[in-house]
Amino acid sequence: LHKVRTSSTHMRIPQAPWDMGKKNKTNKGKAKPKFATLIKKGLDLYSGRNGEQKDYEKAFDCFKKAAAIGCTLAEYYLGLCYYCGHGVPRDTETAVGCYQVAAADGIALAQFGLGFCYDSGDGILKDAEAACHWYQAAAKQGHVLAQYSLAVCYKTGDGVPEDWKLHSFGTKLLLNKGMRRHN
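Now for a look at the structure at hand. (Residues numbered from 1 in each chain as written. Predicted model: local features only at pLDDT ≥ 70, side-chain atom pairs only at ≥ 80, totals over all residues. Heavy atoms only, no water.)

## Considering the overall build of the chain
Quick note on the threshold: Helix and strand assignments follow DSSP, with helices taken as H or I runs no shorter than four residues and strands as E runs no shorter than two, numbered in order from the N terminus. Any two residues having at least one pair of non-hydrogen atoms within 4.5 Å are treated as being in contact. What sets the accessible areas is the Shrake-Rupley method with a 1.4 Å probe; for residues, cover comes only from the shown protein chains.
When helices and strands are tallied, the chain shows eight helices and two strands. For the chain, the N- to C-terminal ordering of α and β elements is β-β-α-α-α-α-α-α-α-α. By sequence separation, contacts in the chain at least 24 residues apart represent 42% of the contacts at least 6 residues apart. For the chain, the accessible surface area stands at approximately 10900 Å², while carbon and sulfur atoms represent 54% of it.

## Focus on the side chain of Gln-111
How we decide: For every residue, the accessible area obtained with a 1.4 Å probe (protein chains only) is divided by the maximum for its type, and the residue is called buried under 20%, exposed over 50%, and partly exposed between those limits. Pairing of N or O atoms within 3.5 Å defines a polar contact, subject to two protein rules: one partner must be a possible hydrogen donor and the other a possible acceptor, and residues neighboring in sequence count only if both atoms are side-chain atoms.
By the secondary structure assignment, Gln-111 is in helix 5 (residues 108-120). Residue Gln-111 is classed as buried on the basis of its relative accessible area of 6%. For Gln-111, the side chain forms a polar contact with the main-chain oxygen of Ala-103, separated by 3.3 Å. Apart from the residues lying within four places of it in its own chain, the contact partners of Gln-111 are Ala-103, Gly-106, Trp-134, Ala-137, Ala-138 and Gln-141.

## Some points on the packing of helix 4 (residues 92-104) against helix 5
The condition is simple: Axis lines are fitted through C-alpha atoms, for helices just across the contact stretch, and the angle between N-to-C directions can take any value from 0 to 180 degrees. In this scheme, roughly parallel covers angles under 35 degrees and roughly antiparallel covers those over 145, while 65 to 115 is roughly perpendicular and the rest are oblique. Handedness of a helix crossing follows the sense of rotation of the near helix relative to the far helix, less than a right angle counterclockwise being left-handed and clockwise being right-handed. Each residue receives one of three labels: charged for Asp, Glu, Lys and Arg, nonpolar for Ala, Val, Leu, Ile, Met, Phe, Trp, Tyr, Cys and Pro, and polar for the others, Gly being one of them.
One way to put it is that helix 4 packs onto helix 5 with a least axis distance of 8 Å and a crossing angle of 135°. Taken together, the axes of helix 4 and helix 5 are oblique relative to one another. The element helix 4 and its partner helix 5 pack so that their crossing is left-handed. Residue-level inspection shows Val-96, Tyr-99, Gln-100, Ala-102 and Ala-103 of helix 4 in contact with helix 5, the latter providing Ala-110, Gln-111, Gly-113, Leu-114, Cys-117 and Tyr-118. Broken down by class, the residue content of the contact of helix 4 with helix 5 amounts to eight nonpolar, three polar and no charged.

## Details of the packing of aromatic side chains
Each aromatic ring pair is characterised by the separation of its centres together with the angle its planes make. For the record, the criterion: Only rings of Phe, Tyr and Trp enter the pairing, Trp through its six-membered ring, and a pair is recorded when the two centres are within 6.5 Å. The plane angle decides the type: under 30 degrees is stacked, over 60 is edge-to-face, the rest tilted. Lysine and arginine charges are scored as sitting over a ring when NZ or CZ, respectively, is within 6 Å of the ring centre and within 35 degrees of the ring normal.
This structure, assessed with the given rule, holds eight aromatic pairs. Measuring from centroid to centroid gives 5.1 Å for Phe-63 and Tyr-77, while their planes differ by 20°, and the two rings are stacked. Placement of the pair is Phe-63 in helix 2 (residues 56-68) and Tyr-77 in helix 3 (residues 72-84), with a sequence separation of 14 residues. Residues Phe-63 and Tyr-77 agree in their burial class; the two are buried. A centroid spacing of 6.4 Å and a plane angle of 80° characterise the contact between Tyr-83 and Phe-116, whose relative ring orientation is edge-to-face. Taken together, the positions of Tyr-83 in helix 3 and Phe-116 in helix 5 put the pair 33 residues apart, joining distant regions of the chain. Sitting over the face of the ring of Tyr-83, Arg-90 holds its NZ or CZ atom 4.8 Å from the ring centroid.

## A word on the side chain of Ser-149
With respect to the secondary-structure elements, Ser-149 resides in helix 7 (residues 144-156). A relative accessible area of 14% places Ser-149 in the buried class.

Given below as structure tokens:
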């Protein structure tokens, strides 16, 4: 994972699946699909890695081209660009629209982003139940910030019935994950 500094937070940009050793059984020894090349180039430009200079506008163009050929992961990255104002003027409503497309297709990053927008009321009406729904969807896929956010929802009772037992379990799960990573 790569840290990216936004105006007020640190966000983590994951490496592309083809860079993480995952094997694509249907694409053995063949050229990467065009969208994969576009996403990789976009991530390199977004984060300034692999010899590329940071260029949010060019990164946005790569993500836009990948989304145009049906890549829903690219929709998430378009949403991130709109949310942060990287390469385009900041537009949280458009970001939410992009997150919705990607979240509906099961992209955990987008599910968390959409949950965060519902939680904060940024770009969409604040809706605690919807926030918890999307946090839970991302948490089921192992998204740690979504797991933490869902635990907070259970602790405060926002969007879900207050359930200290579940909150306690979620907190222990996160602490155990953190301990394993740092040992």
